[in-house]
Amino acid sequence: MRYEVDFLIIGSGIAGLSFALKVAPYGKVCVLSKADASEGSTKYAQGGIAAVMYDSDSFDNHVKDTLIAGDGICDREVVEMTIREAPDRIKELVQYGVNFDKSREGDRFDLHREGGHSEFRILHHKDNTGAEIERGLLEEVRNHPNIELKEHQFAIDIITQHHLGQRVTKHTPDIECYGVYALNCETQQVDTYLAKVTLLATGGMGNVYTTTTTPIISTGDGVAMVHRARGVLSDLEFVQFHPTSLYNPAEKPAFLITEAMRGAGAILKDSKGNEFMQKYDSRLSLAPRDIVARAIDKEMKLAGVDHLYLDARGIGKNELINGFPTIYAKCLELGINITKDMIPIRPAAHYQCGGIKVDMHGESSIHHLYAAGECSCTGLHGGNRLASNSLLEAVVYAHNAAEHAISKINELSLCKQAPDWDADGMVLNEEMVLITQTKKELQEIMSNYVGIVRSDLRLQRAFDRLNLIFRETEELYNRSVLTEELSELRNLIACAYLITKMAMARRENVGLHYSIDLLRK
Ligand code: FAD
Ligand code: SIN
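Scoring rules and cut-offs
The residue numbers shown here count from 1 along each chain, following its written sequence. To read the labels, note that chains go from A and ligands from 1, taken in the order they are written. In keeping with the predicted nature of the model, local features appear solely for residues at pLDDT of at least 70, side-chain atom pairs appear and are counted solely at 80 or more, and the whole-chain, interface and lining totals rest on all residues. Derived side-chain values reflect all non-hydrogen atoms in the structure, with water molecules and hydrogen atoms excluded from consideration. Any carboxyl oxygen of Asp or Glu within 4 Å of a side-chain nitrogen of Lys or Arg constitutes a salt bridge here. We count a stretch as a helix when DSSP gives it H or I for four or more residues in a row; a strand needs E for two or more, and each element gets its number in order from the N terminus. Burial classes follow relative accessibility: with a 1.4 Å probe on protein chains only, a residue under 20% of its type's maximum area counts as buried, one over 50% as exposed, and anything between as partly exposed. In what follows, residue pairs with any heavy atoms lying within 4.5 Å of each other are defined as contacts. Nearness of a residue to a molecule or strand requires only that one of the residue's heavy atoms be within 4 Å of it. Here a polar contact is taken to be a pair of N or O atoms separated by no more than 3.5 Å, where protein atoms must pair a possible hydrogen donor with a possible acceptor and residues adjacent in sequence count only if both atoms sit in side chains. Only the protein chains shown count as cover for residues, with accessible areas throughout obtained via the Shrake-Rupley method and a probe of 1.4 Å. The residue classification treats Ala, Val, Leu, Ile, Met, Phe, Trp, Tyr, Cys and Pro as nonpolar and Asp, Glu, Lys and Arg as charged. All others, Gly included, are polar. Orientation is described by axes fitted as lines to C-alpha atoms, over the contacting stretch for helices, and by angles from 0 to 180 degrees between their N-to-C directions. Each angle receives one of four descriptions, namely roughly parallel if under 35 degrees, roughly antiparallel if over 145, roughly perpendicular if within 65 to 115, and oblique otherwise. In a left-handed crossing the near helix is turned counterclockwise from the far helix by less than a right angle, and in a right-handed crossing that turn is clockwise. Should DSSP find at least two bridges between two strands, the strands are regarded as paired. Here, the term nonpolar core denotes a set of buried Ala, Val, Leu, Ile, Met, Phe, Trp, Tyr and Cys residues that are joined through side-chain atoms within 4.5 Å. Working definition: a ring pair exists when centres of Phe, Tyr or Trp rings (six-membered ring for Trp) sit within 6.5 Å. Plane angles under 30 degrees give stacked, over 60 give edge-to-face, the rest tilted. A ring has a charge above it when a Lys NZ or an Arg CZ is no more than 6 Å from the ring centre and no more than 35 degrees off the ring normal. If the strands point away from the viewer and the path from the first strand over the helix to the second runs clockwise, then the crossover is right-handed.

## Quick look at the pattern of salt bridges
At step 1: One pass over the full model with this rule turns up 30 salt bridges.
At step 2: With a closest N to O distance of 2.8 Å, E92 and R89 form a salt bridge. Taken together, the residues E92 and R89, both in helix α4 (residues 76–95) and three residues apart, mark about one turn of the helix.
At step 3: Residue classification places R89 among the buried positions, given a relative accessible area of 6%.
At step 4: Its salt-bridge partner being E508, residue R506 comes within 3.8 Å of it at the nearest N-O pair.
At step 5: Judged by its relative accessible area of 27%, E508 falls in the partly exposed class.
At step 6: Each member of the salt-bridge network shares a partner with another, and the members are K22, E85, R89 and E92.

Shown next as structure tokens:
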């Protein structure tokens, strides 16, 4: 099938849905989602969204905290812009019907604090903020007459001049995006979506690792598509590991224990129940994530254990049960009463700071192609994202991208000569085990060699092993009928390769990139 729209959006998390609502008055909008529309990292966000809402805090403080967490390599202009826009974007979310918790008097937002923040500035909805944001946005989108939301449609590749038979390299100056090819997961046909403007809002790539807090849809599809289309990517070596995922090895994805719990007074403890963060940072359990995750990793290795503890018992019982109801219930299910027992935790891959390089308008190096949310790299996070700045970045850049796209839309036209997907010569793929086994291998390579602590030797090992599974998988891809699983595997391999390559190229320890062979910048 061929479809023609003005605005095509790949992804229905906070970034994709916010953009859709903004551009909807200006044309026909189509949102594709490879799973159920609500499935994505957004739904699982716990802590909340950072913004300076009152005079007791200041933009300067939020800017300073972001720059410190980013370890000196954030883009200052981007940081200033994002933080100053935050209150307006929060007001819009509230207008869309998103409920943030209020103080007991009901006149102010109740604000939490998380690692790296010098102030209480995290707006939240109990400990399930993301689910509330996703609910509010989805309801608005489903009610909008100009927006068509199509679930279980898997975007495979961006359509560019390459598909018109032209040679495109990373040096081609004016690569253009004409839309995407997408696999309809019900009919198993590949459809052609032509669009004047395309937004990638495909989320993260946590599934490159064995243990991740991100849902199974986080396979780096947008980044891999831009890589194949020869667009510019940046900062992928900065993979953020969240210090406190619940230790429950059989569970995938790993359940998160929000940093807001440390903000409320919970303390990290070693396997013997002793505090240890004083050895690593004066901000103790509330130091930025790169520092805390590395400290936990080191303590686990020193003691030869596979988890440590978070002790939340000092937080009042009422505050724990009412303020963190999701975590309380989840732990209780596993026999852990967090008002009485310490919570077993370990770090897990959580967030990708790098991605598709975009300018302040959210536009990528490929014309008419925008990116927002976790798949993008704006310069806000530098070497390490400050907690709860991700949802914020997604709404700010969805807004900027929408404004820019709206200002251009009347000058643009569809590339109607783009051909349909060519599936000739492919045979059925009957060897699902090849895909599942290769995915496991890939995750183990990345977890063992390209994790929290790296070295030249480990990176080289990863690189060599990735090359082999890349070749094997390309061979499989070239003779197989396209499936979602095979596409995701290809995308994960591309992302793993890019993370490793950029890690090898970074010759100093900065932010989340830490190698035993390098010095600090
Ligand atoms: P997502 O919400 O991940 O959505 C991605 C969308 O893209 C999905 O709809 C998916 O189906 C679609 N998609 C992907 N690939 C394709 C494809 N090939 N074809 C079609 N559709 C595709 N950040 C904060 O700021 N505060 C927090 O408190 C917080 N807590 C978090 C807790 C957890 C457990 C996790 C995992 C992350 C948390 N983060 C938090 C990070 C934040 O939630 C994410 O970075 C953010 O939600 C990403 O939003 P997004 O719109 O970019 O992508
Ligand atoms: C958390 O709630 O700890 C996650 C916050 C984030 O990832 O920004």
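## Let's talk about the side chain of H350
At step 1: The residue H350 is located in strand β14 (residues 343–352) in this model.
At step 2: Taking the relative accessible area as the measure of exposure, H350 reaches 17% and is therefore buried.
At step 3: Not counting residues within four places of it along the chain, the set of residues in contact with H350 comprises T213, T214, Q240, F241, H242, L256, R289, E374 and R385.

## Digging into the site of ligand 2
At step 1: Around ligand 2, a shell composed of Q46, G47, E114, H242, L256, T258, E259, R289, H350, R385, A387 and S388 is seen.
At step 2: Here an oxygen atom of ligand 2 sits 2.7 Å away from a polar atom, N or O, in the main chain of E259.
At step 3: At 2.7 Å, a side-chain N or O of H350 approaches an oxygen atom of ligand 2.
At step 4: For ligand 2, whose accessible area on its own is 260 Å², the fraction buried by protein is 93%.
At step 5: Tallied by class, residues from the shell around ligand 2 come to two nonpolar, six polar and four charged.

## Here we look at the packing of helix α12 (residues 432–449) against helix α13 (residues 456–479)
At step 1: Following both chains from N to C, one finds α12 and α13 inclined at 165°, their axes separated by 9 Å at the closest point. In this view, α12 runs roughly antiparallel relative to α13, as classed from their interaxial angle. Considering the relative orientation of α12 and α13, their crossing is left-handed. Where α12 approaches α13, its residues L434, I435, T438, E441, L442, I445, M446, N448 and Y449 are matched on the opposing element by R458, L459, R461, A462, R465, L466, I469, T473 and L476.
At step 2: By residue class, the composition of the contact of α12 with α13 is 11 nonpolar, three polar and four charged.

## Some points on the sheet that holds strand β12 (residues 267–269)
At step 1: Reading across the sheet, the four strands line up as β11-β14-β13-β12 and stay open at both edges, with antiparallel pairing between neighbours. The sheet is open, and its two edges are formed by β11 (239–246) and β12, each paired on a single side. Within the sheet, the average angular offset between the axes of one strand and its neighbour, ignoring direction, is 45°.
At step 2: Looking at chain direction, β11 and β14 are connected through six bridges and run antiparallel. Counted as the bridge partner of F241 is A349 from β14.

## Here's the deal with the site of ligand 1
At step 1: Residues in close proximity to ligand 1 total 39 residues, the closest being T42, G48, D221, E374 and S390.
At step 2: Here an oxygen atom of ligand 1 sits 2.9 Å away from a polar atom, N or O, in the main chain of S12.
At step 3: A distance of 2.8 Å separates a nitrogen atom of ligand 1 from a polar side-chain atom of D221.
At step 4: Compared with its free state, where it exposes 1000 Å², ligand 1 has 98% of that area covered by protein.
At step 5: Its residues assigned to classes, the shell around ligand 1 shows 14 nonpolar, 20 polar and five charged.

## A look at the sheet that holds strand β10 (residues 233–234)
At step 1: The strand order β10-β15-β17 describes an open sheet built from three strands, whose pairing is mixed. The open sheet has two free edges, formed respectively by β10 and β17 (376–377), since each of these has just one partner strand.
At step 2: Running over the sheet, helix α6 (residues 221–228) touches β10 and β15 (355–357) and is turned about 50° from β15.

## Some words on the nonpolar core
At step 1: Formed by 128 residues in total, the largest nonpolar core has its most connected members in F19 and L200.
At step 2: Those residues in contact with F19 that lie beyond four places of it in its chain are F7, I9, V197, L199, A398, A401, A402 and A405.
At step 3: Listed in part, the 27 residues of the second largest apolar core include F255, A260, M277 and A295.

## Here we look at the packing of aromatic side chains
At step 1: Scanning all chains against the criterion turns up seven aromatic pairs.
At step 2: A ring pair is formed by Y209 and F241, whose centres lie 5.2 Å apart and whose planes are at 75°; its orientation type is edge-to-face. Residue Y209 is found in the loop between β9 (190–200) and α6, and its partner F241 is found in strand β11; the two are separated by 32 residues along the sequence.
At step 3: According to the relative accessible area criterion, F241 is buried, its value standing at 10%.
At step 4: Stacked on the ring of Y351, the Lys or Arg R385 has its end atom at 4.0 Å from the ring centre.

## Concerning the pairing of strand β13 (residues 308–311)
At step 1: As judged from the three bridges shared by β12 and β13, these two strands associate in the antiparallel manner. Looking at the pairing, K269 lines up with Y309 of β13.
At step 2: Direction of pairing for β13 relative to β14: antiparallel, over a ladder of three bridges. Across the sheet, residue L308 finds its bridge partner in β14, namely I345.

## What to know about the pairing of strand β2 (residues 29–33)
At step 1: Burial of β2 is extensive: five of the five residues sit out of reach of the surface.
At step 2: Note that strand β1 (residues 2–10) and β2 share four bridges and pair parallel. Bridging across to β2, L8 finds its partner in C30.
At step 3: For the crossover from β1 across helix α1 (residues 14–23) to β2, the handedness is right-handed.
At step 4: With five bridges joining them, β2 and strand β6 (residues 147–151) adopt parallel strand pairing. By the bridge assignment for β6, C30 is matched with E148.

Geometric descriptors of this kind do not, in isolation, establish any biological role.
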